Amino acid sequence: MSSLFSDYHIWTALWATVRLTIYSAIGSLVLGTIVATLRLSPIGILRFVGTSYVNIFRNTPLTLIILSCSFVLYIQLGITLANSSDPKFADVNGFRLAVVGMTVYHATYVCEALRSGFNTIPLGQAEAARSIGLTFGQTMREVILPQAFRGAVVPLGNTLIALTKNTTVAVTIGVYELSAVLKTVTERDPGLLNLSFLVVGVIFVILTLPMGVAIGRLGNRVAVKR
Amino acid sequence: MSASVLFDAPGPKARRRYALLGVIGGVVFAAIMALVVWKLATKDQFASAKWKPFAEWSTWHSYILPGLRGTLVAAAIAIVIALVLGVLLAMLRLLSVPTGNSPKAIGLRAVTWIATAWVELTRAIPVLLMMLFIFGVLSANGHGSGNGPLIATVAGLSFYNSSVICEVIRGGVGQLPKGQSEAGRSIGLTEGQTVRQILLPQAITAMLPSLISQVIVVLKDTALGYNVLYGELLYNSKPATSLNGNIFAMLVVIAAIYIAINYAISKLATWVEHRLQARGRTTGPAAPDGDPAGPTNAPGVATGQAV
Amino acid sequence: MKFRATYAGAAAAALSLGLGLTACGGSSGSGGSSKEAVCKLPDKGPTVKVGVKFDQPGLGLKDGDKYTGFDVDIARCVAGELGYSKVDFVQSPSPQREKMLQAGTVKMIVATYSITDKRLKEVGFAGPYFVAGQSLLVSKDSKIDSVKGLAGKKVCSVTGSTSVDNLKKEQPNLVPQKYDTYSACAEALASGSIDAMTTDDTILAGYANQSQYKDKFKLVGGTFSEENYGIGLKKGAADCQKVADAIKKTVDNGNWQKALDNNLGSDYKYNSESNPPKTPTCQA
């Protein structure tokens, strides 16, 4: 057990997983909101851009997207996201490239979560708001956005859970997060396999189950009763 | 976008503004695309030597098509297993938990409990982790090559998706009118018969679009097999990039294949959804236009998936 | 589509392979797209499964339905000497090699497989059939000429390899970069994202000799380690000595040299003190 912590640095790996989750979640929330704005805008070309983005990246495996970040962004285009004379350059750069890949992929889910929030609002709500003389800004602030956010809470939460689990894919480009522990153990010390799967598995259950419960509760509380 | 909760029908002034924004947006978008293309071109990524291999049959015959076969085979096996397992789990979880101390009741309680634990655990643990573990066990016993990678890939995919399908079906049953099960019981069917003959067929039909969308998730997740040395599209095409030094070109081609297949499936799911709606049924959402994180947003399903 | 040089090459290879087929009648799993196989297999005999690399240019590379490289040629020559008439090549990724031998998935592994004490505990080896050494590959116009010159430079190797750590002892200020394949390193080197890659000189020479990198790379710094490539066998394999003898024969009849020149280029300067290995032995 102790070698799992000393030789395979499980705490370091856990910390990497947590940071990957947080950065990618923030990134995809921002990018996803932008894409959703494009997709919901009344302007044809912007809508086309938003829709294409979603169709392209949602239908591509995350493994492929993350590999592309490493192979295309960095190896081919020479885009580096870290100080290249830093001795830890490769680790930092790889980690940030993984965040980019995670962000690009999950932004499509954030976009669709937000869009579904808007889609749950009956048209009558907007018509009623306009007919009592509210301006566009007031309609948004007082009527549409509050309902849209409530409708988007559960899908957004589900995306967060999926994102947490998907951080494991970063091992594909050599980021040392939790699944990398399992991969390394398989190659170097198969005797530790059961234990490391147990530990890593339990960590993920601890990370995701409470999220699920919290989202369920929150979803019920904010649900718009219709 | 004829009617939207966000925007009223535009008047002449708004139309002018939209046109202007459209032009600006188009220019910005075109500029970004041009920058990307230019960047790639300066790095010689459009050199004919990098793309020529795709005009040769051997590239398809030896690398891409066998890889595509690997992807489709793993996905197909996983879907079948997940469906069977998922329906079984759903049946177990739909039965009301018996009380009492008879051995039968205790046994049934245990089975239901195991089913619940299985569903919660396989949904909480990342698919890749399950694949790596199963592959590790197989590899330690000397099955790291041959069928080992396929078994690990398929097992990881079917475990996870069995629980997703179970929850999709439960969600579908939850949407059915309560009268359905009451009617079943009142004509003398047992609880098991009611579930099997009345509830499940209706729930599966109603959730068909969601189930079809789940196929996309499975297909995309076969790419995780790359990490357990399974010969899916990515892994099988890798030697070709060593041969031709064209990783970028290869990734573009593979992405195009995935997008084409998955887009077609998502269109199928939408079509089925419309068909069912036209027949006056309530349906679970197909992913593309209805629901972001896929079928897990069906009522009664708390956690999500989006791999 | 125009008739191109590659087509002509492929056609020539197909032709020579065809002649080989009519001459020997029934050898298969052999041949290369641009280079013909060094050794012909006998007419009759059993089939053998051999593990090689599929993505290592110059050593073991899957090219369509064919396999090329020094390791592939050595495997074929040894198989021929042992009386096999057909070789089935199986991909053997580095971390899986010992397990594949133990499970009997393959009979032999010829895949830049160094004989080490640790591995000898799990598998047997016949060899060496080549003595490689760690070296550096840089772009043609690079000023790096030794390990010392790597300060602050990005040096690439693959995950699970200790090559970069060896260099770090001599030049602590280098910046390590690891990918899952050497081919990724080579592409990164060609595009200028990294400054050097390091591993066995055979592997590096394989890339330097590959058509798309021709005249783009150079090997520098000499060799500074000894990697004894052996043919991996199951522990206690009965015909281990026969394999060692077959290696010896391949060296003596000139096929070894032919395989080396064909695959790694005639201007590849290998360690000529230890090569060709004088006494391939059996360590089962």
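Residues numbered from 1 in each chain as written. Chains lettered and ligands numbered in written order. Predicted model: local features only at pLDDT ≥ 70, side-chain atom pairs only at ≥ 80, totals over all residues.

### Notes on the overall build of chain C
Consideration 1: Counting secondary structure elements, chain C contains 9 helices and 14 strands.
Consideration 2: Across the 284 residues of chain C, 53% fall into the buried class.
Consideration 3: A separation threshold of at least 6 residues defines the contact pool for chain C, and within that pool the share at least 24 residues apart is 71%. (Helix = DSSP H or I, 4+ residues; strand = E, 2+ residues; numbered from the N terminus. Buried ≥ 20, exposed ≤ 12 C-beta atoms within 10 Å, placed from the backbone. Contact = placed C-beta atoms within 7 Å.)

### Quick look at the interface of chain B and chain A
Consideration 1: Chain B puts 55 residues into the contact, and the matching count from chain A is 60 residues.
Consideration 2: Residue composition of the side of chain B that touches chain A, grouped by class: 37 nonpolar, 13 polar and 5 charged. (Nonpolar A, V, L, I, M, F, W, Y, C, P; charged D, E, K, R; others polar.)

### Observations concerning unusual backbone geometry
Consideration 1: The residue after Asn275(C), namely Pro276(C), is reached through a cis peptide bond having omega -10 degrees.
Consideration 2: In this model, His9(A) sits at a positive phi of 45 degrees, which is unusual for a non-glycine residue.
Consideration 3: At Asp215(C), a position not held by glycine, the phi torsion is positive, near 65 degrees.
Consideration 4: Note on placement: Asp215(C) falls in the loop between α7 (201–208) and β12 (217–220).

### So, helix α2 (residues 70–81) of chain C
All names here are of chain C.
Consideration 1: With 12 residues, α2 ought to run about 16 Å at 1.5 Å a step, and its terminal C-alpha atoms sit 16 Å apart, in line with that.
Consideration 2: For α2, the buried fraction is high: 12 of the 12 residues fall into the buried class.
Consideration 3: Taken as a whole, α2 has its buried residues at Phe-70, Asp-71, Val-72, Asp-73, Ile-74, Ala-75, Arg-76, Cys-77, Val-78, Ala-79, Gly-80 and Glu-81.
Consideration 4: Trailing α2 by a residue or two, Gly-83 shows a phi angle of about 95 degrees, which is positive. (Expected span 1.5 Å × (residues − 1).)

### Details of the interface of chain C and chain A
Consideration 1: The partner chain A presents 12 residues to the 16 residues of chain C that form the contact.
Consideration 2: Those elements giving two or more residues to the side of chain C that touches chain A turn out to be β10 (175–179) and α6 (182–191) of chain C.
Consideration 3: Looking at the side of chain C that touches chain A residue by residue, the class counts come to 5 nonpolar, 7 polar and 4 charged.

### What to know about the domain arrangement of chain C
Consideration 1: Taken as a whole, chain C is organised into domain 1 (5–131 + 228–283) and domain 2 (134–220).
Consideration 2: Contacts between the two partners involve 14 residues from domain 1 of chain C, matched on the other side by 13 residues from domain 2 of chain C. (Domains from an automatic or database assignment.)

### Quick notes on the UniProt feature "domain: Solute-binding protein family 3/N-terminal" (unreviewed entry) in chain C
Consideration 1: UniProt's feature table lists "domain: Solute-binding protein family 3/N-terminal" (unreviewed entry) at residues 47–267 of chain C, given in the numbering used throughout.
Consideration 2: As a span, residues 47–267 of chain C carries 33% helix and 29% strand, and end to end its C-alpha atoms are 35 Å apart. (UniProt positions renumbered as here; feature names shortened; annotations may be inferred.)

### Some remarks on the environment of Val18(A)
Residue and element names in this part refer to chain A.
Consideration 1: Considering the arrangement of structural elements, one finds Val-18 in helix α2 (residues 10–40).
Consideration 2: By the C-beta count within 10 Å, which is 16 here, Val-18 ends up partly exposed.
Consideration 3: Spatially, the C-alpha atoms of Val-18 and Leu-178 are 9.7 Å apart, while their sequence positions differ by 160 residues.

### A look at the pairing of strand β13 (residues 227–233) of chain C
Residue and element names in this part refer to chain C.
Consideration 1: When you tally the buried positions in β13, you get 6 out of 7 residues, the bulk of the element.
Consideration 2: In this sheet, β13 lies alongside strand β6 (residues 108–109) in antiparallel orientation, the contact comprising 2 bridges. Its bridge partner lying in β13, Ile-109 is registered against Gly-232.
Consideration 3: Pairing analysis gives 6 bridges linking strand β7 (residues 124–132) to β13, with the strands arranged antiparallel. Note that in β13 the partner of Phe-130 across the bridge is Tyr-229. (Pairing = 2+ DSSP bridges.)

### Regarding the confidence of the model for chain C
All names here are of chain C.
Consideration 1: Per-residue confidence for chain C averages 81 on the pLDDT scale, and 88% of its residues sit at or above 70.
Consideration 2: Taken element by element, chain C is modelled with least confidence in helix α1 (residues 5–24), mean pLDDT 40, and with most confidence in β6, mean pLDDT 94.
Consideration 3: A low-confidence stretch, residues 1–34 stays under pLDDT 50, and its non-local contacts, those more than four residues away or across chains, total 45 contacts.
Consideration 4: Both scores are given for the predicted complex: the pTM is 0.84, the ipTM 0.90. (pLDDT = per-residue confidence, 0-100.)

### Structural notes on the sheet that holds strand β14 (residues 281–283) of chain C
All names here are of chain C.
Consideration 1: What the 6 strands build is an open sheet, ordered β5-β1-β6-β13-β7-β14; its pairing is mixed. The open sheet has two free edges, formed respectively by β5 (86–91) and β14, since each of these has just one partner strand.
Consideration 2: On the sheet, helix α8 (residues 240–252) packs against β7, β13 and β14 and is oriented at approximately 20 degrees with respect to β7. (Axes fitted to C-alpha atoms, helices over the stretch in contact; angles between N-to-C directions.)

### Here's the deal with the confidence of the model for chain A
Consideration 1: The pLDDT averaged across chain A works out to 90; a share of 99% of its residues lies at or above 70.
Consideration 2: Helix α1 (residues 2–6) of chain A is the least confidently modelled element of chain A, averaging 76 in pLDDT, while α2(A) averages 94, the highest of any element.

### Side note on the sheet that holds strand β3 (residues 60–63) of chain C
Consideration 1: In space, the 3 strands of this open sheet follow the order β2-β3-β4 (chain C), with antiparallel pairing throughout. Each having just a single partner strand, β2 (55–56) and β4 (66–68) of chain C make up the two edges of the open sheet.
Consideration 2: Relative to β4(C), β3(C) runs antiparallel, the two being bridged by 3 bridges. By the bridge assignment for β4(C), Asp63(C) is matched with Lys66(C).
Consideration 3: Where helix α10 (residues 233–244) of chain B meets the sheet, its contacts fall on β2 and β3 of chain C, and the angle it forms with β3(C) comes to roughly 100 degrees.

### Concerning the packing of α10(B) against helix α11 (residues 247–278) of chain B
Residue and element names in this part refer to chain B.
Consideration 1: Interhelical geometry of α10 versus α11 gives an angle of 150 degrees and a closest axis separation of 10 Å. One way to sum up the angle between α10 and α11 is to call them roughly antiparallel. Classified by chirality, the crossing of α11 by α10 is right-handed. Across the interface between the two elements, Leu-233, Leu-234, Ser-237, Ala-240 and Thr-241 of α10 pack against Ile-247, Met-250, Ile-254 and Ile-257 of α11.
Consideration 2: Tallied by class, residues from the contact of α10 with α11 come to 7 nonpolar, 2 polar and no charged. (Parallel < 35°, antiparallel > 145°, perpendicular 65-115°, else oblique. Left-handed = near helix turned anticlockwise from the far one by under 90°.)

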